Amino acid sequence: MKRAECISMLYPELDDKLVVTIMGACAQELYDLGHKENFFYLQHAMGLASSIGLGLALHLPHETIVVLDGDGSVLMNLGTLATLARYRPRNLVHVIFDNGSLLSTGGFDSHTTSGITDLAAIARGAGIQNVAAVDSIVTFGEAAIDAFARKDLSVIVAKVAAVGPNHYGMDLQLPENAFRFKRWITHRKELAREAT
Amino acid sequence: MSVSYENSKAVFQGIKDAGITSLSALPETWLGLLLQQAERDPGVRLIQVAKEEEAIGVAAGAYFAGERHVLLMQNHGFLAAMNGIVSLAMLYSIPLCMLIALRGHWGEPYPWHTRGGIVTEGVLRALNIPFEYARSPKDVGRQIREAYTLSQSSLSPVALLLTRDLMEDAL
């Protein structure tokens, strides 16, 4: 299974959700499907995508937050899984693409490569109740449907091949991404206020 | 030496008066009494992190959500949060209002705090992060408000250093 296939499968569901991705291949594969104002690409600061997701989820209880993370990034901030478990935001789906590789920085093996480190077990051990470990596009799709329907903190660890796009680049400056992402949220809040 | 209850109250009141509704923190001794007040206050959401760098992400999420957020940490936690400050907050022009307990500085009896205390100001200067020292309970409220205002207008990290004079009871 390729990460790009999983992201393509999620893509139609992301119109009304706040999406935070990690750097590199993951960000590029989502961007290449078509950028939306509700996508934020964290092109550095590895490990913090899920922390941004937590900050969004706790302060925006009526939105659904999707974090597209990776094994290398999660390994840089394992404490985040315990923090997520502690606060258990009901509106956060944390997808960890585990390609066992630091692909975007040269393809070195990560700690998960040979099955020594099991990120799903770490997530469970951190206290997260809903953790799915999947390795096919069908089981990924089922796990995603369950996660969105569940209305509870969910982690999906998806084993994917260590392959990425053959090009990198976005027509989007980094602060511009932040400004537009924030503006989209502000606009959504205004719409929600008008509706009530 | 004990943490000043009255001055911890003054700092928390300053946070409240600045209209702050959300805090991220990693508890440490000087921040303990004020975090206890935050825990009891239904008007403030307190998010404890496992390591201070996480709080940079949480603060970014709070900012995107339109929430008035302040970060509380020890200076060693500030040092541990460095890449998040540089490569999330600064890179994306996301404001951070950091209240930092300045351990290991003037009057520090504990050797283990001293290296961090000695380098904190230099690191802030190297990163071009505006900072002030908070020494008095009568000024700290204004300083918090002004730190928050500057962080928002400059879209930049800003630090208020909580000193021993403020956080510990005088002998």
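Chemist: Just checking my understanding: could you explain the overall build of chain B for this structure?
Modeler: A count of helices and strands for chain B gives 8 helices and 6 strands. Taken from N to C terminus, the helices and strands of chain B fall in the order α-β-α-β-α-β-α-α-β-α-β-α-β-α. Computed over C-alpha atoms, the radius of gyration of chain B comes to 15 Å, within 12% of the 16 Å expected from 2.2 N^0.38 for 171 residues, which places it in the range of a compact globule. Counting over 171 residues, chain B shows a buried share of 59%. Carbon and sulfur atoms form 53% of the exposed surface of chain B, whose accessible area is close to 6900 Å².

Chemist: How do you make sense of the overall build of chain A when you look at a structure like this?
Modeler: A tally of helices and strands in chain A yields 8 helices and 8 strands. Relative to the globule expectation of 16 Å for 196 residues, the C-alpha radius of gyration of chain A, 16 Å, shows essentially globular dimensions. Each of the three principal axes of chain A carries a C-alpha extent, and together these read 55 × 35 × 30 Å. The buried share among the 196 residues of chain A stands at 52%. Of the charged side chains in chain A, 17 are positive and 21 negative; the average position of the first set lies 7 Å away from that of the second.

Chemist: Sorry, what's going on with the layout of surface pockets here?
Modeler: By rolling a water-sized probe across the atoms, one finds the places where empty space is left. Residue and element names in this part refer to chain A. As a volume, the largest pocket reaches approximately 260 Å³. Every residue along the wall of the largest pocket is listed here: H59, L60, P61, H62, E63, R188, K189, L191, A192 and R193. Ranked by the residues each element gives to the lining of the largest pocket, the list is headed by helix α8 (residues 174-195), at 5 residues. Of the residues assigned to the lining of the largest pocket, the class counts are 4 nonpolar, 2 polar and 4 charged. Here the second largest pocket is characterised by a volume of approximately 220 Å³.

Chemist: Hey, could you run me through the interface of chain B and chain A in this one?
Modeler: The figure often quoted for interface size is the accessible area lost as the parts come together. Each partner contributes residues to the interface: chain B has 28 residues there, and chain A has 30 residues. When the two sides are added together, the surface that chain B and chain A hide from each other amounts to roughly 2400 Å², 65% of it contributed by carbon and sulfur. It is E54, F64 and Y92 of chain B that lose the most area in chain B upon contact with chain A, and together they represent 33% of the buried surface on that side. Summed over the shared surface of chain B and chain A, the result is 0 salt bridges.

Chemist: Before we go on, may I ask you to explain the pattern of salt bridges in this structure?
Modeler: Oppositely charged side chains may form a pair once their charged atoms are brought near each other. Residue and element names in this part refer to chain A. Going through the model one piece at a time under the given rule, you end up with 16 salt bridges over all chains. Put simply, K36 and D15 hold a salt bridge, and the shortest N to O gap is 3.2 Å. Remark: D15 occurs in the loop between α1 (3-10) and β1 (18-21) and K36 occurs in the loop between α2 (25-33) and β2 (39-41); sequence separation between them is 21 residues. Each of E37, E176 and R180 takes part in salt bridges that share partners, so that together they form one network.

Chemist: I tried to follow empty space enclosed by the protein on my own but got confused; where do I start?
Modeler: All names here are of chain B. One pass over the full model with this rule turns up 1 cavity of 30 Å³ or more. Lining the largest cavity, in full, are A59, Y63, E67, H69, L71, P95, L96, C97, Y148 and Q152. Those elements that place two or more of their residues in the lining of the largest cavity are α3 (52-64), β3 (69-74), β4 (96-101) and α7 (137-154).

Chemist: Explain the sheet that holds strand β5 (residues 131-134) of chain B to me, please; I cannot follow it from the model alone.
Modeler: Each strand in a sheet pairs with another by means of backbone hydrogen bonds, the pair being arranged parallel or else antiparallel. Across the sheet, 6 strands lie side by side as β2-β1-β3-β4-β6-β5 (chain B); this open sheet has parallel pairing. Looking at which strands have only one partner, the edges of the open sheet turn out to be β2 (45-48) and β5 of chain B. Between one strand and the next, the sheet's axes are offset by a mean angle of 20 degrees, whatever the strand orientation. Sheet topology note: the strand β1 (residues 22-25) of chain B/β2 of chain B ladder contains 4 bridges and is parallel. Across the sheet, residue S22 of chain B finds its bridge partner in β2 of chain B, namely R45 of chain B. Sheet strands in contact with helix α3 (residues 49-59) of chain A are β1 and β2 of chain B, and its direction is about 155 degrees off that of β2 of chain B.

Chemist: I'm lost on the side chain of S87 of chain B in this one. Help?
Modeler: Note that S87 of chain B resides in helix α5 (residues 82-92). If sequence neighbours within four positions are ignored, S87 of chain B has contacts with H44 and A45 of chain A together with Y92 of chain B.

Chemist: Is there a simple way to explain the confidence of the model for chain B in this structure?
Modeler: Reading fine detail from the predicted coordinates is not recommended where pLDDT is low. For chain B, the average pLDDT comes to 97, and 99% of its residues sit at 70 or higher. For this predicted complex, the interface score ipTM comes out at 0.97, alongside a pTM of 0.97.

Chemist: Please clarify how unusual backbone geometry should be interpreted in this entry.
Modeler: Trans peptide bonds make up the majority, and among non-glycine residues the majority have a negative phi. A positive phi angle, close to 40 degrees, is found at R88 of chain A, a residue other than glycine. As for its placement among the helices and strands, R88 of chain A is situated in the loop between α5 (79-87) and β4 (92-98). Classification of R88 of chain A by relative accessible area gives partly exposed; the value is 30%. In this structure, N128 of chain B is a non-glycine residue whose phi angle is positive, near 60 degrees. With respect to the helices and strands, N128 of chain B occurs in the loop between α6 (111-126) and β5. For N128 of chain B, a relative accessible area of 67% gives the class exposed.

Chemist: Sorry, what's going on with helix α1 (residues 5-17) of chain B here?
Modeler: For an α-helix, 3.6 residues make a turn, and residues three or four places apart therefore share a direction. Residue and element names in this part refer to chain B. Here α1 contains 13 residues, and its C-alpha end-to-end distance of 18 Å stays within 8% of the 18 Å for a straight helix at 1.5 Å per residue. As for α1, its buried residues are in contact with β1, α2 (32-40), β4, α7 and α8 (164-167). For α1, the N-terminal capping position is held by S4, with its side-chain oxygen 3.0 Å away from the main-chain nitrogen of N7. Of the residues one or two after α1, G19 is the one with positive phi, at around 80 degrees.

Chemist: Just to check I follow, could you spell out the state of the cysteines for this structure?
Modeler: As used here, a disulfide is simply a covalent bond connecting the sulfur atoms of two cysteines. According to the stated counting rule, one finds 0 disulfides over all chains in the structure shown. Cysteine C6 of chain A is unpaired, with the sulfur of C26 of chain A as its nearest cysteine sulfur at 10 Å.

Conventions used here
- Residues numbered from 1 in each chain as written.
- Chains lettered and ligands numbered in written order.
- Predicted model: local features only at pLDDT ≥ 70, side-chain atom pairs only at ≥ 80, totals over all residues.
- Heavy atoms only, no water.
- Helix = DSSP H or I, 4+ residues; strand = E, 2+ residues; numbered from the N terminus.
- Rg over C-alpha atoms; globule rule 2.2 N^0.38 Å.
- Buried < 20%, exposed > 50% of the residue type's maximum accessible area, 1.4 Å probe, protein only.
- Areas by Shrake-Rupley, 256 points an atom, 1.4 Å probe, with all protein chains shown as cover.
- Lys, Arg positive; Asp, Glu negative; His and termini not counted.
- Charge placed at Lys NZ, Arg CZ, Asp CG, Glu CD.
- 1 Å grid on protein atoms, 1.4 Å probe; cavity = no way out; pocket = protein on both sides within 12 Å on 5 of 7 lines; lining within 4 Å.
- Points joined across faces, edges and corners; volume = space filled by probe spheres on them.
- Nonpolar A, V, L, I, M, F, W, Y, C, P; charged D, E, K, R; others polar.
- Contact = heavy atoms within 4.5 Å.
- Buried area = accessible area lost by both parts, 1.4 Å probe.
- Salt bridge = Lys/Arg side-chain N within 4 Å of Asp/Glu carboxyl O.
- Pairing = 2+ DSSP bridges.
- Axes fitted to C-alpha atoms, helices over the stretch in contact; angles between N-to-C directions.
- pLDDT = per-residue confidence, 0-100.
- Expected span 1.5 Å × (residues − 1).
- Polar contact = N/O pair within 3.5 Å; in protein donor to acceptor, adjacent residues only side chain to side chain.
- Disulfide = S-S within 2.5 Å.

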